[in-house]
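Analysis of the macromolecular model
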Amino acid sequence: MATARDTGGRDGGGSTDPISLVHVDDDSEFLSATDAFLTARAEDVEIDSITDPNAVLDYLERDDVDCVISDYSMPEMDGLALLERVRETWPELPFVLYTGRGSEELASEAIAAGVTEYVQKGGGTSHYDLLLQRVRNAVAAHRSHQRAEELEHVAGVIREINQALLRADSHASLFADAVETLAAADPYAGAWIATTDEGRLTTAAWAGPAECRCFESDSSSVGALAHDAVDSERVCVRQRIAPDSIDADAGFVPGADYRSVATVPLVADGDVGGVLVVFGHDSEAFDTAECDLLEEVAGDIGFAIDAIALRAQLEHRATELELLSRVLRHDIRNDIQIVLGWCALLAEGADSDQQAFVEKIETTSRHIDELTDSAREIVEALVANGDTLLEPTAIGPLLEAEIEKAAEAFEDAAFTLVDHTDGPVVLANEMLSSVFRNVLNNAVQHNDGDESQVEIAVTETDGQVVVRVADDGPGIPLDRRERVFGKGERGFGSGGTGMGLYLVATLVDLYEGTVRIEGGDPGTVVVIELPTV
């Protein structure tokens, strides 16, 4: 049967789908008259008539039926007994009791037994119209319920696929997880993904049938439909597939494994790079809603393809960056040690005027050495970002250790922990100490006073810990407070490297916290906020 869907269209069916009825009544003349009237009034109604209620169950086993219409008074088995037998196997199938014996007692029994509708026979033709209306309503409600269950199931499949996509670390595992998840879903008989290059399909993964490589050729009906999807960049569907049209050489059983096919283009980086093919057990498996869901799956696969490619690029760049950083640090630090050795020799024989220049050389050399440390930490933070193992880390011991180190390094500065809370814990790693070290160093290096005063306060509130580091230096103008966290930003007369606060901002962001500058009275206050665990 040729339809728009057979030629690649996306007709969802719905209200135009035929209604298949089985009508059972021991009165063959009344059966013929009723069926003739219903088919004359409704072209979409298809009726098979049965006079023996015992034959109904066999009929339902072998044919798709939307609704059973049954008389009540029949020899051997009445309508309610038939209803009970039907409900044992098909609990949701619409069942209309159509009887000439009308009574409240019978109607009550029928409702209690699970009948869908109850219609009483009568004179004239009005009861035929009522029967047709009740049948339509019952079938529409049943189909809507079935469709809701199917869509809920497919939505669950999409969630499973998205979880699989998140786990995938290569295109091969991505495609394998996607087709296996789809093939395991109840509405589908199998799935196939092929990549495309210059019009040629190449199998990437399949699940369900024994082998899908036969579909790579457009001489295959499935392959031709896949090419249509790639060329048109839209979903193409073929449904109501006759058994003799099935590609048996792929391992499918003709007439049993699939009766419909949907092909969906896979778009990655703005271009069609492949096709997703899904096989359906049912002859009408892919309506508009189903195709929309498969488009969403294909879009997610395309996004994952881009993400995996980008991840590979970033990992390659990270490796190169780490190698470059390691080489440069090694060479620069070796040269700095040589320079510092020369400074020590010069200092032994330098007069008072020359001594000042020797001290400047030594100070500059140590700043360069400090810069290599900051560069190493920044590279580690950037390379690890998004792939760092963060664990519960107590702030107190790290902060106190860095305050002690800063006091030893800057003898003319006073560091005071004025307020702190017991044991705040955050998700971080050992590089959290770099955050505190750079903020404490920055508080002194930007201070041109004779003796710097630095006060540190730690408070915990509303699921976060706040660390405030206040100095009595010249302060930072309001229009520069955001920019000081950029690479290479240095304060007025700073002796720092210009990298410290950039490192602070990078690490705090990694820990999902914030850092900002506030004005002190006098001086500057660096405020670090981190979520606690």
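Examining the packing of helix α3 (residues 79-89) against helix α4 (residues 104-113)
In the contact formed by α3 and α4, the axes pass within 10 Å of each other and the chain directions differ by 10 degrees. In terms of their interaxial angle, α3 and α4 are classed as roughly parallel. Here α3 contributes Leu 80, Leu 83 and Arg 87 to the contact with α4, which in turn contributes Leu 106, Glu 109, Ala 110 and Ala 113. Counted by class, the contact of α3 with α4 contains five nonpolar, no polar and two charged residues.

With respect to the confidence of the model for the chain
Mean pLDDT over the chain stands at 81; residues scoring 70 or higher make up 85%. Under a pLDDT of 50 for its full length, residues 1-15 has, in the predicted model, 32 contacts with residues more than four places off or in other chains.

Side note on a negative patch on the surface
Together, Asp 228, Asp 231, Glu 233, Asp 269 and Asp 271 make up a region of like negative charge exposed at the surface. You can see Asp 269 is positioned in the loop between β9 (260-268) and β10 (271-280).

Some points on unusual backbone geometry
Of note in the backbone geometry, Glu 76 takes a positive phi value of approximately 75 degrees without being a glycine. You can see Glu 76 is positioned in the loop between β3 (67-70) and α3. One non-glycine residue with positive phi stands out, namely Asp 462, at about 50 degrees. Its location among the elements puts Asp 462 in the loop between β14 (452-461) and β15 (464-471).

Description of the pattern of salt bridges
Tallied over the full model, the rule gives twelve salt bridges. Between Asp 129 and Arg 41 there is a salt bridge; the shortest N-O distance is 2.4 Å. Residue Asp 129 is found in helix α5 (residues 126-167), and its partner Arg 41 is found in helix α1 (residues 28-41); the two are separated by 88 residues along the sequence. Given a relative accessible area of 31%, Asp 129 falls into the partly exposed group. The class of Arg 41 is partly exposed, set by a relative accessible area of 48%. Residues Glu 518 and Arg 516 are paired through a salt bridge, measuring 3.1 Å at the closest nitrogen-oxygen approach. The class of Glu 518 is partly exposed, set by a relative accessible area of 23%. Residue Arg 516 is classed as partly exposed on the basis of its relative accessible area, which comes to 31%. Each of Arg 468, Arg 516, Glu 518 and Glu 529 takes part in a single network of salt bridges with overlapping partners.

Concerning the packing of helix α10 (residues 395-409) against helix α11 (residues 432-445)
The interhelical angle for the contact between α10 and α11, taken along N-to-C directions, is 40 degrees, at an axis separation of 9 Å. Here α10 runs over α11; the crossing is right-handed. Across from Ile 395, Leu 398, Leu 399, Glu 402, Ile 403 and Ala 406 in α10, the residues of α11 making contact are Leu 432, Ser 433, Phe 436, Arg 437 and Leu 440. Residue composition of the contact of α10 with α11, grouped by class: eight nonpolar, one polar and two charged.

Focus on the sheet that holds strand β2 (residues 45-50)
Ordered in space as β2-β1-β3-β4-β5, the five strands form an open sheet in which the pairing is parallel. The sheet is open, and its two edges are formed by β2 and β5 (117-120), each paired on a single side. Strand after strand, the sheet turns through a mean of 20 degrees between neighbouring axes, direction not considered. Bridge analysis of strand β1 (residues 19-24) against β2 gives six bridges, and the strand direction is parallel. Along β2, the bridge assignment pairs Leu 21 with Ile 47.

A word on the packing of aromatic side chains
According to the stated counting rule, one finds five aromatic pairs in the structure shown. When the ring of Phe 30 is compared with that of Tyr 98, the centres are 5.9 Å apart and the planes differ by 35 degrees; the resulting orientation is tilted. With Phe 30 in helix α1 and Tyr 98 in strand β4 (residues 95-99), this residue pair connects regions lying 68 residues apart in the sequence. The exposure class assigned to Phe 30 is buried, which follows from its relative accessible area of 19%. Under the relative-accessibility criterion, Tyr 98 is labelled buried at 0%. Arranged with centres 5.5 Å apart and planes meeting at 55 degrees, the rings of Trp 192 and Phe 215 form a pair that is tilted. Linking Trp 192 in strand β6 (residues 188-197) with Phe 215 in the loop between β7 (200-207) and α7 (221-232), this pair joins segments that are 23 residues apart in sequence. Of the two residues, Trp 192 and Phe 215, neither departs from the other in class, the shared state being buried. In this structure an aromatic cluster arises from ring pairing among Trp 192, Phe 215 and Phe 279.

Let's talk about the sheet that holds strand β12 (residues 413-419)
Taken in spatial order, the five strands line up as β12-β14-β15-β17-β16 in an open sheet, and their pairing is mixed. Every interior strand has two partners, whereas the edge strands, β12 and β16 (514-519), have only one. Taking each pair of neighbouring strands and ignoring which way they run, the sheet shows an average axis angle of 20 degrees. Here β12 pairs with β14 via six bridges, running parallel. Within β14, the position partnered with Thr 416 by the bridge is Glu 455. Sheet strands touched by α10: β12, β14, β15 and β17 (524-531). Its angle to β12, the strand with the most contacts, is close to 160 degrees.

Cut-offs and rules
Residues numbered from 1 in each chain as written. Predicted model: local features only at pLDDT ≥ 70, side-chain atom pairs only at ≥ 80, totals over all residues. Heavy atoms only, no water. Axes fitted to C-alpha atoms, helices over the stretch in contact; angles between N-to-C directions. Helix = DSSP H or I, 4+ residues; strand = E, 2+ residues; numbered from the N terminus. Parallel < 35°, antiparallel > 145°, perpendicular 65-115°, else oblique. Contact = heavy atoms within 4.5 Å. Nonpolar A, V, L, I, M, F, W, Y, C, P; charged D, E, K, R; others polar. pLDDT = per-residue confidence, 0-100. Patch = residues over 30% accessible without salt bridge, like charges linked within 9 Å, V, L, I, M, F, W, Y side chains within 5 Å. Areas by Shrake-Rupley, 256 points an atom, 1.4 Å probe, with all protein chains shown as cover. Salt bridge = Lys/Arg side-chain N within 4 Å of Asp/Glu carboxyl O. Lys, Arg positive; Asp, Glu negative; His and termini not counted. Charge placed at Lys NZ, Arg CZ, Asp CG, Glu CD. Buried < 20%, exposed > 50% of the residue type's maximum accessible area, 1.4 Å probe, protein only. Left-handed = near helix turned anticlockwise from the far one by under 90°. Pairing = 2+ DSSP bridges. Phe/Tyr/Trp six-rings, centres within 6.5 Å; stacked < 30°, edge-to-face > 60°.

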